[in-house]
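# Coordinate analysis (summary)
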Amino acid sequence: MSNPYAKLPAWVEYGLVPLINLAVAFLVAGLVVLLVGENPFEAAYHLINGAFGRGEYIGFTLYYATTFIFTGLAVAVAFHAGLFNIGGEGQAYVGGIGVALACLWLDQTMPWFVVFPLAIIGSAAFGAAWAFLPGWLQAKRGSHIVITTIMFNFIASSLMVYLLTRVLKPLGSMSPQTRTFAEGGQLPKLDWLLAIFGLDIGTAPFNVSFLLALVAALGVWLLIWRTKLGYEMRTMGHSPSAARYAGMSESRITVITMMISGALAGMMALNPIMGEQGRMQLDFVQGAGFVGIAVALMGRSHPAGIIPAAVLFGVLYQGGAEISFEMPSISRDMIVIIQGLVILFAGALENMFRPAITRLFSTSSRRAAVVAQTKGA
Amino acid sequence: MDSIAIELRGIDKSFGPVHANKNINLKVRKGTIHGVIGENGAGKSTLMSILYGFYQADSGEIHVDGKHISIRDPNAAIAAGIGMVHQHFMLVENFTVLENVMLGAEENQILNKGIAKARVELKRLEREYALEVNPDAVIEELPVGLQQRVEILKALYRRADILILDEPTGVLTPAEADHLFRVLEQLKSQGKTIILITHKLREIMAITDEVSVMRRGEMVATRTTAETSVEELAELMVGRRVLLRVEKGEAKPGDVRLSVDGLTVKDSRGVTMVDNVSFNLRAGEIVGIAGVAGNGQSELLEAISGIRRAVSGNVSLNGKAIDVTGHVDPKALRDRGLAHVPEDRHHVGLVLKFEECENAILGYHHDKRYLNGVFLNVDAIRRDAEQRIAEYDIRPPNARLKTANFSGGNQQKIVLAREMERGPDVLIIGQPTRGVDVGAIEFIHKRIIEMRDQGKAVLLVSVELDEIRALSDRILVMFAGRVVGERDPDATEGELGLLMAGVEGRKEAAE
Ligand SMILES: Nc1ncnc2c1ncn2[C@@H]1O[C@H](COP(=O)(O)OP(=O)(O)OP(=O)(O)O)[C@@H](O)[C@H]1O
Ligand SMILES: [Mg+2]
């Protein structure tokens, strides 16, 4: 009786319910658009067209999705161990140092496929290190991770301002950013991947870190459901008292989980730094760490849910930009409202329509059972 | 002529492949106490949840006072005069008694007036049914017996005429249970109708007027209590004859496996829960610890198994010391041959959200046979789990089912199977048969005795005196944290009862 809702078929649970939530979110968003005196159908058209209308747009959508897959996975890993890592933003930001160092060191002498692995390790290591401290503080001193990770976001932000204005900035330059990397510090685009579908990537920065994101998603699935560590993390996430009974060390799992989470967040930095700009700039994370929370919620902390959720947010980012470009009375803030509505209906109000759907399905399955019986007789 | 308070006709309910209720018919007479018994997973809780509107039946009709009604949710049940006390209480822990009783029946947005009225009404109910409880006490500070009383008051406050109690005595001390039964008699004499689910056939014989038996989702019989017997009921439930008392031969105690010396344990508030306890546990014997719940037995088990830190004392396992006052790794204890069936299976012994097979390795997940390097060997885990399910007759036999969806007794079997099947040297068991049906009790008791006969040392804690007497080779009685006496298993119930109440013990200690 712990679960008041009867079990639904998988396609309803993972397909229909999120779809209905999404439809309602867009319905309400449409009303908001109507409220500012614009045509919601036109807005919807620009959203869809802006995200999928051309090969280039699709490239942008998937570029954003790549970023959100990393941060979504980061939040999800921590969720499984019952930890709420709000520090993805800071961890990604600091992860950028690892990427920048690898690129600045080798970009002029080595090809990208040598620099890339080093940059991956660097970003993961810096991200993990940044998450280690809050994890350790919670494990040893009981300082709550929600509080400390938020604080570490601010520290990260100040640290990066310092580094980018004093240390990593080339001499004589006026802007707070590293020098632009040579070819070895820039990731190849996935134009060939879009070309398979007959699409032209245009100027979109869709790059190989997308493939890394997919590998990371698979890795997270393996970690959570197929390794001993993942088993321990899930035990602790569901029941700390059972974990203690089973002899699992709470502090060890807390620290390791946070480091894995931080490493995933840190790897997000590869996408904008090596994949798009070819240099590290101030504020390159742009809130992706927070979007990761919504992505993880919507994707039910499962990689197979996180990827489509990340794509959805990619659509909202890319298509949203298009709306505000085409329809000036809808500002960027409106887009943020729409994103907020999606988070609200898909995450927070996730169970709102479930009872009704459950009722619907229990009646229809009853009918099916009756039919089966009469057939049998 | 007696009228019928509740009639169920052709109730049917499936959860996916599990057919929990099959075409159930049941008539409950007004003003009677009607018992419902059946094996674990027979579908008792499901049937009552349908009556209370938690689940919807796939088909069938519910008639209350002769009227066909549809109960879509608990509110509809309450409106029809049905109240329910759940197997696991549904109270807000940090609310007061009064707030809990009012919750959901506030009548008014402005609470003040409602509170005053509720207080008066609560007082009246308390007096009428002898259900004293301080309305301003906070729930989490009340003992379980009183919490249950609040659940009953809650139902009465909503003017329930029909009261469903799902295994109400599982968590109660004998004295609390006696009080509960007096309350139920009182309610009956006022014309209320009561449905009582329990695994304890003695309770059925003592208090019910009629009893219905369920087996594997079907209603197999209804008897007038005065015309049946414990033996007949047990046989109806299980479908075969049941040994209500297991047979066991002489114990052949060997070496000391576990020795406890001067163990003292305090709880988080600093209250001494275990006070200077010493005893030895030998290979090939079962030592039972009797006592009313809350006299330190739980803390004793927790300290020995490394979950709770002791203040002072020495414990050694197979002759080697366990650092009970420092850091104990439960994993290391398992490796050294200690297995532990915790009292609280829902929070400690199991992760309810896990699949059955995942719980079957809890604590043993370091075992090489379940690992390929850092990866879990899922095939081996599932294969072993399926084997255990077959050996222990866990139902439904599905290793991938979520543990929360097993009935209480089957959850207990999952824990027992895990801890017993590894052949530990020392097995400590808390409440092995809480909420478990007679057939399974027989099975579990047999296994425990088998373990003893294989030369294992068993430490058994139970609040069921019958169980302690049936299984133990020696009985230690705990009262207020101390061991107040040791007795043979043939000591009379009265003698043990006095010790448990702290009466004899004081004399003995003084001598
Ligand atoms: N929500 C659910 N989803 C799937 N199966 C369920 C669910 N609830 C109960 N079951 C299954 O239905 C059957 C009947 O369970 P129920 O809880 O009614 O048994 P019970 O007679 O109350 O047993 P116990 O005496 O152990 O409490 C069991 O096989 C159980 O596993
Ligand atoms: Mg039950």
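Residues numbered from 1 in each chain as written. Chains lettered and ligands numbered in written order. Predicted model: local features only at pLDDT ≥ 70, side-chain atom pairs only at ≥ 80, totals over all residues. Heavy atoms only, no water.

### What to know about helix H15 (residues 438–453) of chain B
Residues and elements named next belong to chain B. Between its terminal C-alpha atoms H15 stretches 22 Å, which fits the 22 Å expected from 16 residues at 1.5 Å a residue. Among the residues of H15, Val438, Gly439, Ala440, Glu442, Ile444, His445, Arg447, Ile448, Ile449, Met451 and Arg452 are the ones counted as buried. The residue sitting at the N-terminus of H15 and contributing the capping side-chain oxygen is Asp437; that oxygen lies 2.9 Å from the backbone nitrogen of Gly439. Following H15 by one or two positions, Gly455 has its phi on the positive side, about 90°. (Helix = DSSP H or I, 4+ residues; strand = E, 2+ residues; numbered from the N terminus. Expected span 1.5 Å × (residues − 1). Buried < 20%, exposed > 50% of the residue type's maximum accessible area, 1.4 Å probe, protein only. Polar contact = N/O pair within 3.5 Å; in protein donor to acceptor, adjacent residues only side chain to side chain.)

### What about the nonpolar core?
Grouped together as the largest cluster of nonpolar side chains are 160 residues, with contacts concentrated most on A:Leu270, A:Met274 and A:Phe313. Here the element with the most residues in this core is helix H3 (residues 55–80) of chain A; it accounts for 12 residues. When sequence neighbours within four positions are dropped, the list of residues in contact with A:Leu270 reads A:Val99, A:Phe116, A:Ala119, A:Ile120, A:Ser123, A:Leu187, A:Leu212 and A:Gly275. B:Ala105, B:Leu142, B:Leu163 and B:Ile207 belong to the second largest nonpolar core, which has 36 residues in total. (Core = buried A, V, L, I, M, F, W, Y, C linked by side-chain atoms within 4.5 Å. Contact = heavy atoms within 4.5 Å.)

### Description of the domain arrangement of chain B
Often, the extent of an interface is quoted as the loss of accessible area upon association of its parts. Residues and elements named next belong to chain B. Splitting chain B by domain gives domain 1 (4–238) and domain 2 (256–354 + 411–510). For domain 1 versus domain 2, the separation of C-alpha centres amounts to 32 Å. Every contact between the two is made by 14 residues of domain 1 and, on the other side, 12 residues of domain 2. Summed over both partners, the interface of domain 1 with domain 2 buries about 1,100 Å², with 56% contributed by carbon and sulfur atoms. Arg202 is the salt-bridge partner of Asp466, the closest N and O atoms lying 3.4 Å from each other. For the pair domain 1 and domain 2, the interface holds 4 residue pairs in polar contact (both at pLDDT 80 or more). With 3 residues, helix H8 (residues 230–238) is the single largest residue contributor to the side of domain 1 that touches domain 2. Partitioning the side of domain 1 that touches domain 2 into residue classes produces 4 nonpolar, 6 polar and 4 charged. (Domains from an automatic or database assignment. Buried area = accessible area lost by both parts, 1.4 Å probe. Salt bridge = Lys/Arg side-chain N within 4 Å of Asp/Glu carboxyl O. Nonpolar A, V, L, I, M, F, W, Y, C, P; charged D, E, K, R; others polar.)

### Examining the site of ligand 1
Residues and elements named next belong to chain B. Lining the immediate surroundings of ligand 1 are 21 residues, of which Gly41, Lys44, Ser45, Thr46 and Asn405 lie closest. A distance of 3.3 Å is found between an oxygen atom of ligand 1 and a backbone nitrogen or oxygen belonging to Ala42. Gly409 places a main-chain nitrogen or oxygen 3.2 Å from an oxygen atom of ligand 1. About the coverage of ligand 1: the protein hides 90% of its 640 Å² of free accessible area. Elements supplying a minimum of two residues to the shell around ligand 1: strand E2 (18–29), helix H1 (44–51) and helix H14 (408–420). For the shell around ligand 1, the leading source of residues is H1, giving 3 residues. (Near = heavy atom within 4 Å. Areas by Shrake-Rupley, 256 points an atom, 1.4 Å probe, with all protein chains shown as cover.)

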